[in-house]
Amino acid sequence: MLKPVDYLSPTTIDELLRLIELHRDKDYKVLAGGTDLIVRMKEKIEKPDFLIDLSHVEELARIEERANMIYLGAMVTCAHIISSKLLSQSAAILVAACQRLGSPQIRSRATLGGNIANASPAGDTVPPLLALDASLELQSPSRSRTVALESFFRGPGETILDPDELIIAIQFSKPTPDEKGFFLKLGQRSAMSISKISVAGQLHLNMGRTAWIRIAYGAVASTPIRAHAVEDFLRGKSLTPAIITEAAEIAQQTVSPITDIRSTESYRRKMSSILLRRGLEGLMAAAAPPGARSS
Amino acid sequence: MSQTRFVGKPIARIDALEKALGKTRFMSDLVFPNMLWGKVLRAAYPHARICRIDTSRSEQLPGVRCVLTHRHVMGLNGFGIVKPDQPVLCHDKVRYVGDAVALVAAETESIAEEALGLIQVDYDPLPVVEDPEEALSEYAPKVHEQGNLLLRTKLQKGDVKQGFTEADVTLEQRYSTQLFEHAFLETEGGIGIYDEESGVITVYCGSQYAFRDQLQIARALDWDPKKIRVCSSPVGGAFGAKDEITIQIYLALLAYYTRCPVKIVLSREESFISHVKRHPMRLDVRLGATKVGELKALDVRILSDTGAYASLGGPVLNLALEGAPGPYRIPHTHLLGRAVYTNNGMSGACRGFGATQSCFAMEITLDMMAEQLRIDPIELRLKNVLRRNDLSAIDHLIFTSVGIEETLKIARDSELWRTRDIRKRDFQPPIFYGVGVASEMQALGLGKGIPDFAGVSIELDRDGSFLLRQGCIEIGQGNLVCFLQMAAEVLQCDIERMRLTHGDTFASPDSGSVTASKSIYLVGNALYLAAKTLLQELERFASETIGEPMRYQECELVGPSRRIPLHELAQTAHSQGRQLKGEGHFVHPTSDKDYGDGLPHCLYSFITQVASVVVDAETGMVKVHDVLSIPDCGRAINPQGVEGQCEGGVVMGMSYALLEKVELQHGRFLTDNFSTYTLPTAADAPLTNKTVIVESMEPTNPFGAKGMAEPPNVAICPAILNAIYDAIGVRIFDIPVTPEKLLAEIERQRKI
Ligand SMILES: Cc1cc2nc3c(=O)[nH]c(=O)nc-3n(C[C@H](O)[C@H](O)[C@H](O)COP(=O)(O)OP(=O)(O)OC[C@H]3O[C@@H](n4cnc5c(N)ncnc54)[C@H](O)[C@@H]3O)c2cc1C
């Protein structure tokens, strides 16, 4: 049973920050879609006395393009992302991850801010956002700052957020049309499944060589991670089958998975190779000129 | 009954619309004035002595109406279908984490929950018995005083030693199965009410057998069973887990002590840890055959982990043994099983009832045998297939209908089977395609020596409609419309002209439990007798009143000079205070043999299932692609219902093969809800899931019906595992075949 809680629902960011200031010493939680928080309250892991609901703060629910940057309010939901034309054109890997997150009901509630703040190693939106080199706009009553998403996580459920600090927005440079990406995920079942492992990649090919590439994994370490060693290896190389195989080998060395109720350490390690290889091969197959595919 | 109007037609279920609209009120939806909330204090340890229980602080909490412990149980402090070894409220010892130690009733649910936390129980933890093998050692801690062996059963036919010497090929393999959760949607919930004036305790709580609940409650409360009313229908799913008592006795006790309606609805987690599961078993199978594929000898040894209490652990073991040889003639068999107490939760009835486990082991062994002998797997099965009036592999005469041969022939001729090698070419490594087959023989009914009957009465109402009084419950399987279809056939009237009762001990005769795939068969027999008697009664009464010989025909009574509609006759009877009614009572036939403890059975349904899979040999992921189920259920009273059972059973059995497993550690559940215990979704279901029904008319049922609730979730599991082998040449002998397990095995065998 849920314990009864008080409930506040600000409508602007200013009001929100004032409320947080006011209740600074009290036991409160901010409520986004509630798909993680309510579960944790039911399991009595969280026992806040009251909730500050972000869902009426309209400013937090915007998807915008600002000077070649994509700007996503923290309260943007997965369903919103999936239906955004802007994002399906420019950030397909984020859309793909949102399509695989939970179920239609969950996707209507689950927010980007919640998925990031929850800091699960398996949070599905994080690998694509890492691959897009996203940064977070954080704000508390006393300060605001922008941090790279990669430096945000400390461990499972742990972040650099101050107790009174919020994620306001997520932003990343708008990918150019010639960038390509992939998102792959394995779960215990086909839908409504927490990832056993996920991988996202975003790259820019120049004359058949990778000008740059960013690869990120979920559920293979205590936080979502960037696979820098793999990225360094691939930079400047053309993605031949041999190079892809070698990159996949390196990937195994960069991850540090564990065995838990969903999968095993060794399976996750192997899949970090397989999924990366498949992701890269998929890109190459899609990039190949017509007629070259069957070879 | 060759020409039928209702039987054999896909008539819509009478409960379909209101269920689709969410209007059905299950027992856990009921609300009464002045209702209190009940809660159950479960054991803090999987195995411990109870030193002291102090409820004083809990009792003092404002809003708490009563706190009950074992001292408040007026009658026998125990329940259990076969032997009542499970305490209603534990007294000196707890044996699994679902054991109940105390009950609370309070004005609100949150007060009741708070009150639970104030009950002080001092325990002295005991070593946890986890391994069923070790449980049998003389040094093992005892779960029960008299030792950890619940039952040992041995069945024999011929001379198994001799049989193996006659065999050219002998295969031997060890198999193991997991603890499996039924995952019904409606957790255990309901309301108890005590009416002081009449002395009647009413318990509204979904279960599979209201009439046995009534007796078990009466025994625990030392109450007259006639003063206990149980309403247990409709049920929001059970799959065997609500055959045993769940919370009914708690409801009755709390209602009695508070004199108020008391409601309990278990949380998913409490439900998960407390109700029975499907038994994990270890099976050692040895099978011998001649070069030409004649099965000669079968030796099966089963070790079944029954958990903390008996419940149906004995009968489940016995059915696993009886089902082990499958639908085949085998001259020499030796089947030995042991069911063992541990602190691993508790196991009991679950769809398939033991046959699930032994069919999985036998059908993979057969597949291996076919490969060894270079015989097509279906041909090998056909060569040995059981026919009516054969002696079974446990040496009893099968005098009832046997349609397994026909199911195998349809499988053999199916597109899915015929194209299996051609379709392999559509897939490129690391993706592989394979097809597998398996068959099963499922015993129906409770078996030799166990009371197994159904009573039904049918009354003519004053408006000329019929009231069918029967006691079986609706559990989601759709039997109610089948009862009406069968009655309508005999009474020659529309289904709309009938009403029926279900699952209410005060409304009808006892029609038996809804278990063992048997309600259509038994109730069908009883209602046939009732309907025939009623028709005679109608004709007699009409002839008396009219003064000429009247015959019943299509809701009219027709004489040489007159015709009266049924509703007029009903009016006449009513005005004279006459209740026109027919009763039928049917007792299940039994086998000529008696092996004790319910063995053997005498009526069987059969199934052959073909499954294709697509295996990703790099990730170990298996997608079940197409499934063809070919059940022999006797006459399919409602073919749509049979298809429904098959489609659902396939998904459940697929998940048993590939996905689900209850994880325990030192007697505690690591998976206790649906976020940790993962169920398949619609997206995981096979792409095609077809049913072709074989109808071997059953001579002991007037409609030719048998049953088809369990088999579809049984053979599908080995069919899928055989398909995986066909795809990648790797066999797994312990389920579920998770990607982790399959990939490790692929790598071990370096097959790919
Ligand atoms: C059935 C089910 C299936 C799921 N499937 C998936 C899945 O496939 N993949 C996946 O990744 N996740 C899954 N989840 C988890 C969950 O849905 C996601 O993590 C979701 O994105 C959380 O967002 P929310 O808006 O619901 O967060 P909430 O539950 O409202 O909040 C989560 C946490 O973040 C904090 N928080 C929220 N917003 C902010 C903010 N702006 N600033 C600071 N802190 C904040 C809250 O205080 C809370 O501690 C599933 C959950 C359920 C119940």
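Criteria and cut-off values
- Residues numbered from 1 in each chain as written.
- Chains lettered and ligands numbered in written order.
- Predicted model: local features only at pLDDT ≥ 70, side-chain atom pairs only at ≥ 80, totals over all residues.
- Heavy atoms only, no water.
- Pairing = 2+ DSSP bridges.
- Helix = DSSP H or I, 4+ residues; strand = E, 2+ residues; numbered from the N terminus.
- Buried < 20%, exposed > 50% of the residue type's maximum accessible area, 1.4 Å probe, protein only.
- Contact = heavy atoms within 4.5 Å.
- Axes fitted to C-alpha atoms, helices over the stretch in contact; angles between N-to-C directions.
- Polar contact = N/O pair within 3.5 Å; in protein donor to acceptor, adjacent residues only side chain to side chain.
- Near = heavy atom within 4 Å.
- Areas by Shrake-Rupley, 256 points an atom, 1.4 Å probe, with all protein chains shown as cover.
- Nonpolar A, V, L, I, M, F, W, Y, C, P; charged D, E, K, R; others polar.
- Domains from an automatic or database assignment.
- Buried area = accessible area lost by both parts, 1.4 Å probe.
- Core = buried A, V, L, I, M, F, W, Y, C linked by side-chain atoms within 4.5 Å.
- 1 Å grid on protein atoms, 1.4 Å probe; cavity = no way out; pocket = protein on both sides within 12 Å on 5 of 7 lines; lining within 4 Å.
- Points joined across faces, edges and corners; volume = space filled by probe spheres on them.
- Salt bridge = Lys/Arg side-chain N within 4 Å of Asp/Glu carboxyl O.

**Q** For this particular structure, what's the right way to read the sheet that holds strand S4 (residues 93–94) of chain B?
**A** Note on sheets: strands pair through backbone hydrogen bonds, and any given pair is parallel or antiparallel. Residue and element names in this part refer to chain B. Read across the sheet, 3 strands follow the order S4-S2-S6 without closing on themselves; strand pairing throughout is antiparallel. Strand pairing shows two members of the sheet lacking a second neighbour, S4 and strand S6 (120–125), which therefore form its edges. Relative to S4, strand S2 (residues 48–54) runs antiparallel, the two sharing 2 bridges. Bridging from a neighbouring strand, Arg49 pairs with Lys93 of S4.

**Q** Whenever I open this one, the environment of Lys3(A) confuses me. Can you help?
**A** Residues and elements named next belong to chain A. With respect to the helices, strands and loops of the structure, Lys3 is situated in the segment before strand S1 (6–8). By relative accessible area, which is 38% here, Lys3 ends up partly exposed. When the C-alpha atoms of Lys3 and Ala251 are compared, they prove to be 45 Å apart, with 248 residues separating the residues in sequence. With residues up to four places along the chain from it excluded, the contact list for Lys3 reads Lys47, Pro48 and Asp49.

**Q** How should I be thinking about the sheet that holds strand S21 (residues 556–558) of chain B in this particular structure?
**A** Residue and element names in this part refer to chain B. Across the sheet, which stays open at both edges, the 3 strands sit in the order S20-S21-S22 with antiparallel pairing between neighbours. Across the chains shown, the open sheet's two edge strands, defined by having one partner strand only, are strand S20 (551–553) and strand S22 (563–565). Recorded for the sheet is a direction-independent mean angle of 25° between the axes of neighbouring strands. Strand contacts of helix H16 (residues 519–546): S20, S21 and S22, with the helix running at about 125° to S20, the strand carrying the most contacts.

**Q** Help me out: how do you make sense of the side chain of Ser28(B) in this one?
**A** All names here are of chain B. Locating Ser28 in the fold gives a position in the loop between helix H1 (16–20) and strand S1 (36–42). Among the residues examined, Ser28 registers a relative accessible area of 13% and is labelled buried. Polar contacts involving the side chain of Ser28 include one to the side chain of Glu186, which spans 2.3 Å. Excluding anything up to four places from it in sequence, Ser28 contacts Glu186, Thr187, Gly189, Gly190, Lys263 and Val265.

**Q** Help me understand the site of the ligand, please; the structure alone is not making it clear to me.
**A** Residues and elements named next belong to chain A. Not every one of the 33 residues close to the ligand is listed here, only the nearest: Val30, Gly33, Thr35, Asp36 and Thr111. Within the backbone of Val30, an N or O atom sits 2.5 Å from an oxygen atom of the ligand. Between Asp36 and the ligand, the recorded distance is 2.5 Å, taken from a side-chain N or O atom to an oxygen atom. Its free accessible area being 980 Å², the ligand has 90% of it covered by the protein chains. When residues of the shell around the ligand are traced back to their parent elements, those giving at least two are strand S2 (28–31), helix H6 (104–109), helix H7 (112–118) and strand S10 (166–173). Ranked by the residues each element gives to the shell around the ligand, the list is headed by H7, at 5 residues. Of the residues in the shell around the ligand, the class split is 16 nonpolar, 11 polar and 6 charged.

**Q** Got a minute to help me understand the domain arrangement of chain B in this structure?
**A** Interface size is commonly expressed as the accessible area that is lost once the parts come together. Residue and element names in this part refer to chain B. For chain B, the assigned domains read domain 1 (16–23 + 453–587), domain 2 (31–126 + 188–265) and domain 3 (281–447 + 593–751). Using C-alpha coordinates to define each centre, domain 1 is positioned 37 Å away from domain 2. Opposite the 19 residues of domain 1 that make contact, domain 2 presents 20 residues. Here domain 1 meets domain 2 over a buried area of about 1,400 Å², counting both sides, of which 59% is carbon and sulfur. Three residues, Ile475, Thr505 and Phe506, lead the burial of domain 1 against domain 2; their summed loss comes to 38% of the area buried on that side.

**Q** Explanation requested: the nonpolar core in the structure shown.
**A** Taken as a class, soluble globular proteins show a tendency for nonpolar side chains to be buried jointly. Residue and element names in this part refer to chain B. The biggest cluster of nonpolar side chains holds 118 residues, and the ones touching the most others in it are Tyr175, Val613, Leu658, Ile720, Ile724, Ile728 and Leu742. The element contributing the most residues to this core is helix H10 (residues 355–373), with 10 residues. Beyond its immediate sequence surroundings of up to four residues, Tyr175 is in contact with Met281, Arg282, Leu283, Val285, Phe360, Ala361, Ile364, Thr365, Met368 and Phe733. Listed in part, the 58 residues of the second largest apolar core include Ile475, Phe483, Met486 and Ala530.

**Q** Whenever I open this one, empty space enclosed by the protein confuses me. Can you help?
**A** Where empty space is left in the structure can be found by rolling a water-sized probe over the atoms. All names here are of chain B. Taken as a whole, this structure holds 3 cavities of 30 Å³ or more when the rule is applied. In terms of lining residues, the largest cavity is bounded by 17 residues, among which Tyr96, Ile245, Thr246, Ser274 and His275 are the most central. For the lining of the largest cavity, the residue count by class is 9 nonpolar, 5 polar and 3 charged. Its boundaries defined by the atoms lining it, the second largest cavity holds a volume of some 60 Å³. Lining the second largest cavity, in full, are Glu322, Pro325, Gly326, Tyr328, Leu386, Ser392, Ala393, Ile394, His396, Met441 and Tyr604. Class assignment of the residues belonging to the lining of the second largest cavity gives a composition of 7 nonpolar, 3 polar and 1 charged.

**Q** How do you make sense of the domain arrangement of chain A when you look at a structure like this?
**A** Residues and elements named next belong to chain A. The domains assigned to chain A are domain 1 (6–53), domain 2 (59–173) and domain 3 (179–288). Taking only C-alpha atoms into account, the centre of domain 2 sits 20 Å from that of domain 3. Contact residues are listed per partner, giving 23 residues for domain 2 and 26 residues for domain 3. Summed over both partners, the interface of domain 2 with domain 3 buries about 1,900 Å², with 61% contributed by carbon and sulfur atoms. Across the domain 2-domain 3 interface, the total number found is 2 salt bridges. Note that Asp133 is salt-bridged to Arg226, the shortest N-O span being 3.7 Å. Our count for the domain 2 to domain 3 interface comes out at 7 residue pairs in polar contact (both at pLDDT 80 or more). For the side of domain 2 that touches domain 3, the secondary-structure elements that each account for two or more residues are helix H5 (92–99), helix H8 (126–131) and strand S8 (153–155). The leading source of residues in the side of domain 2 that touches domain 3 is H8, at 5 residues. For the side of domain 2 that touches domain 3, the residue count by class is 14 nonpolar, 4 polar and 5 charged.

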